[in-house]
Amino acid sequence: MIRVHMLQGIAEFLNGTRAEKDIELRIVVEDENDCAPVLTQTIGAVYEQSNPGMFVTTVVATDADQEGTLHTKIAYSIVKQHPEEMFYINPQTGGLYVMKNALDREKHDTYTLIVKGTDMNGAVDGKSGTGTVTISILDVNDNVPTLESAYYECRVEENVKNVEVVRIQVIDTDLNHTDNWLAVFTIVSGNEAGYFSISTDNKTNEGIVILSKVD
Ligand SMILES: [Ca+2]
Ligand SMILES: [Ca+2]
Ligand SMILES: [Ca+2]
Ligand SMILES: [Ca+2]
């Protein structure tokens, strides 16, 4: 903290009249490193499967001591990563980056880091503050849809049109209710006569087979 004291010097004669103009004395107390860095809450987001070196977010610390001195020169480090080590920090800038190409949203969709800022450029006698970084892992379409069952058998009544014949459940572990998750069904063969149509129930990701035409 920088302290500035304003003093007024008054020179008076014994009878109380001013001998000189008042003198303004400005005394600056030399900065002492008595303030620890304060880290703000940080949030970030990055896509799963991102390459090492991909920028995520920047950690920012403030320090109330004198600017431009070692008392406010912060060095950043990561204290803890949960659930696993996936990121590194640039000690000088506070920039957080992906460490290895192993982020998988289907495994862990959030990481919580404890980061530390130490003044005196990280020296052992520096003062430290810690903060939390929350990183969301964004979805990439890296899972193929699979059918719950490989074989369905169903019967339809003759001459009844526009009835639901069967629902085919699809499993896709990408982010639910996004395009990465929703399946598009097509009938590959067996429908040469065009009796059946298929559409997707976008709430359940089921393919609905409909008998849409009768002879
Ligand atoms: Ca400081
Ligand atoms: Ca994945
Ligand atoms: Ca998918
Ligand atoms: Ca995914």
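Just so you know, these numbers come straight off a predicted model, no measurement behind them. (Residues numbered from 1 in each chain as written. Chains lettered and ligands numbered in written order. Predicted model: local features only at pLDDT ≥ 70, side-chain atom pairs only at ≥ 80, totals over all residues. Heavy atoms only, no water.)

1. Regarding the pattern of salt bridges
Point 1. A full pass over the atoms with the stated rule returns 5 salt bridges.
Point 2. Between Arg105 and Glu106 there is a salt bridge, and its shortest N-O distance comes to 3.0 Å.
Point 3. Glu106 gets classed as partly exposed once you look at its relative accessible area, which sits at 26%.
Point 4. Between Arg105 and Asp139 there is a salt bridge, and its shortest N-O distance comes to 3.1 Å. (Salt bridge = Lys/Arg side-chain N within 4 Å of Asp/Glu carboxyl O. Buried < 20%, exposed > 50% of the residue type's maximum accessible area, 1.4 Å probe, protein only.)

2. Concerning the UniProt feature "domain: Cadherin" (unreviewed entry) in the protein chain
Point 1. According to UniProt, the positions carrying the feature "domain: Cadherin" (unreviewed entry) are residues 46–147 and 148–213.
Point 2. Helix makes up 0% of residues 148–213 and strand 32%, with an end-to-end C-alpha separation of 27 Å. (UniProt positions renumbered as here; feature names shortened; annotations may be inferred. Helix = DSSP H or I, 4+ residues; strand = E, 2+ residues; numbered from the N terminus.)

3. A closer look at the coordination of the calcium ion (ligand 1)
Octahedral six-donor coordination of a metal ideally yields angles of 90 or 180 degrees, compared with 109.5 degrees for tetrahedral four-donor coordination.
Point 1. The protein atoms that coordinate the calcium ion (ligand 1) are Asn33 (OD1), Cys35 (O), Asp63 (OD), Asp63 (OD), Asp65 (OD), His71 (O) and Asp119 (OD), at distances spanning 2.3 to 2.7 Å.
Point 2. Along the chain, the residues donating to the calcium ion (ligand 1) fall in the pattern N-x1-C-x27-D-x1-D-x5-H-x47-D. Residue Cys35 is located in the loop between strand E2 (23–29) and strand E3 (38–39), and its partner Asp119 is located in the loop between strand E10 (110–118) and strand E11 (128–138); the two are separated by 84 residues in the primary sequence.
Point 3. Residue classification places Cys35 among the buried residues on the basis of a relative accessible area of 12%. (Donors = N, O, S within 2.8 Å, 3.2 Å for Na, K, Ca; no water.)

4. Thoughts on the coordination of the calcium ion (ligand 4)
Point 1. Bound to the calcium ion (ligand 4) are the protein donor atoms Glu48 (OE), Glu106 (OE), Glu106 (OE), Asp139 (OD), Val140 (O), Asp142 (OD) and Asp174 (OD), situated 2.2 to 2.8 Å from the metal.
Point 2. Counting residues between consecutive donors of the calcium ion (ligand 4) along the chain gives the motif E-x57-E-x32-D-V-x1-D-x31-D.
Point 3. In this structure, the calcium ion (ligand 4) lies 3.8 Å from the calcium ion (ligand 2), and both are coordinated by Glu48. Here Asp174 lies in the loop between strand E13 (163–171) and strand E14 (196–201) and Asp139 lies in the loop between E11 and strand E12 (146–147), a separation of 35 residues in the sequence.
Point 4. Note on Asp139: relative accessible area 13%, which makes it buried.

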